[in-house]
Amino acid sequence: MFGFWLSHLTLPLLGLWSSQPRSDVGDSPSLCLHSKTLERLAECLEEFIVPRGYYDRVSYNAAQPDTLQRTAWSNIISSLLHVDGNCSSIQVPIPLKGFYDVVTFTENTGASFCVFFELTADCHAYRKGWGAMIVPARREAVSRNVHISAPHPGFDVGTPAQAAYIFKATGSKSLLIAGRTRTAFLNPSPCISTPSLSGYYETDPAPNNREPFFDASLVIYDWQQRRGCPSSTCAYIQMHGKGSSTCPLDQIFLSAGLGHSSTSKAWYINSNDRPVKRLRGHLQLALPLWNVSLPPDSSCALTATRNVVGRYINGVNEHSVCHTGAGPSEVSGKFIHVEQDDTSRGAELYMMWAAAVRRTFGTTCVEGMSVDPNTGLCAYSRPRGPAGDPVFDSVMFPGLSRSVRVQWLMWVPLLNDL
Ligand SMILES: [Zn+2]
């Protein structure tokens, strides 16, 4: 069993994405729609991310949405969340017409998605760069009220494709990808910026609430909250990537947006069930030789306490996110900030990641559907499957009987304390 894991860990995971040539998609993001899978589509669209140092003050201000465009942007994000069966039923609001569109994308598996994306680019860079949003085309294709995002395309290399795979393989509700690299305008963020915090730039949606990614995140959160977001089935997951020299002891470092204060550490350690803790447990189970850490386990500073989306999800008022941190008493654990090294982002671990997320969150199938034991997703006309997730089990426990798996699972909490 350990040999199986070791063989996975020693696979040449590095550079799987960076060595791939840029696809020949000219200057039209629409050509990305010829991609065969959703993760390849995300990878193709990432090629149009507004690159480092692209903006000055004038060009950045010109690329930002005006008031009408910002309202239209939020409205269409909401429309996408409501879609059920017909992507073309979504009317692109007039302020966005001509440079954004919603299209149906059907990948080679037959799964269909509504893709909201920017049509316009100059020299392979989006003219606007506000981002892209993808949802399953039909409500019945949603198995979990999980919302996944990639705030740092072009910088946290590989995260858009990884997020896209996890989104589709878990039957999640939405995928949001930013449209500019965080360094596109190298001016300090007016929202969260101090001389001691280098790297907090104006085009970084993590520390700036004026980036359209923030508006979209609020719409997604508010839409879901109105329908209920039980911690057993629902969360908002941001996928990031760190360099190998940053927090080098942690292959994966998860945070709920709380850091290293004593009250924050207590939040992670207490016995309350929280999505971020469950995800940590399942990832650690799948990767027992890795450090999958939470703030009490590691001094890693990537705790996302200044992430404006995280602060909002954690109960901070929309208008206070630039200067007010979240308090442990308000934090539900439904904001999950994933930091990970490059091996964790490799395509070889896509299935493991998706299985861990499926394990972390129960399904919310529409009436008449139940969990397909082969996929862990909602399906019609299948007998109700066991509580387990066979895909996950086959990755985790190849060749082991169910009773042995159950015994092994009983020991996992002890492993986590080692
Ligand atoms: Zn990041």
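Residues numbered from 1 in each chain as written. Predicted model: local features only at pLDDT ≥ 70, side-chain atom pairs only at ≥ 80, totals over all residues.

Caption draft 1: Looking closely at unusual backbone geometry. Its identity is not glycine, yet Cys 123 carries a phi of approximately 50°, on the positive side. Structurally, the position occupied by Cys 123 is in the loop between β3 (121-122) and β4 (125-126). Positive phi is not limited to glycine here, since His 124 has a value of about 65°. Among the structural elements, His 124 can be located in the loop between β3 and β4. (Helix = DSSP H or I, 4+ residues; strand = E, 2+ residues; numbered from the N terminus.)

Caption draft 2: Inspection of the confidence of the model for the protein chain at higher detail. Taken as a whole, the protein chain shows an average pLDDT of 89; of its residues, 84% reach a score of 70 or greater. Overall, residues 409-418 carries pLDDT values under 50, and its contacts beyond four positions in sequence, including any with other chains, amount to 5 contacts. (pLDDT = per-residue confidence, 0-100. Contact = placed C-beta atoms within 7 Å.)

Caption draft 3: Quick peek at the packing of helix α2 (residues 38-46) against helix α5 (residues 159-169). Their axes nearest at 8 Å, the elements α2 and α5 cross at an angle of 150°. One finds that α2 runs roughly antiparallel with respect to α5. Both α2 and α5 take part in a crossing whose hand is right-handed. Residues Leu 38, Glu 39, Ala 42, Glu 43 and Glu 46 of α2 form the contact with α5, whose participating residues are Pro 160, Ala 161, Ala 164, Tyr 165 and Lys 168. The residue inventory of the contact of α2 with α5, partitioned by class, reads 6 nonpolar, no polar and 4 charged. (Axes fitted to C-alpha atoms, helices over the stretch in contact; angles between N-to-C directions. Parallel < 35°, antiparallel > 145°, perpendicular 65-115°, else oblique. Left-handed = near helix turned anticlockwise from the far one by under 90°. Nonpolar A, V, L, I, M, F, W, Y, C, P; charged D, E, K, R; others polar.)

Caption draft 4: Fine view of the packing of α5 against helix α10 (residues 350-360). Viewed as axis vectors pointing N to C, α5 and α10 meet at an angle of 45°, and their least axial separation amounts to 9 Å. By the angle between their axes, α5 is oblique relative to α10. Crossing angle aside, the handedness with which α5 passes α10 is right-handed. Counted together, Gln 162, Tyr 165, Ile 166 and Ala 169 of α5 and Tyr 350, Trp 353, Ala 354 and Val 357 of α10 form the full contact between these two elements. Tallied by class, residues from the contact of α5 with α10 come to 7 nonpolar, 1 polar and no charged.

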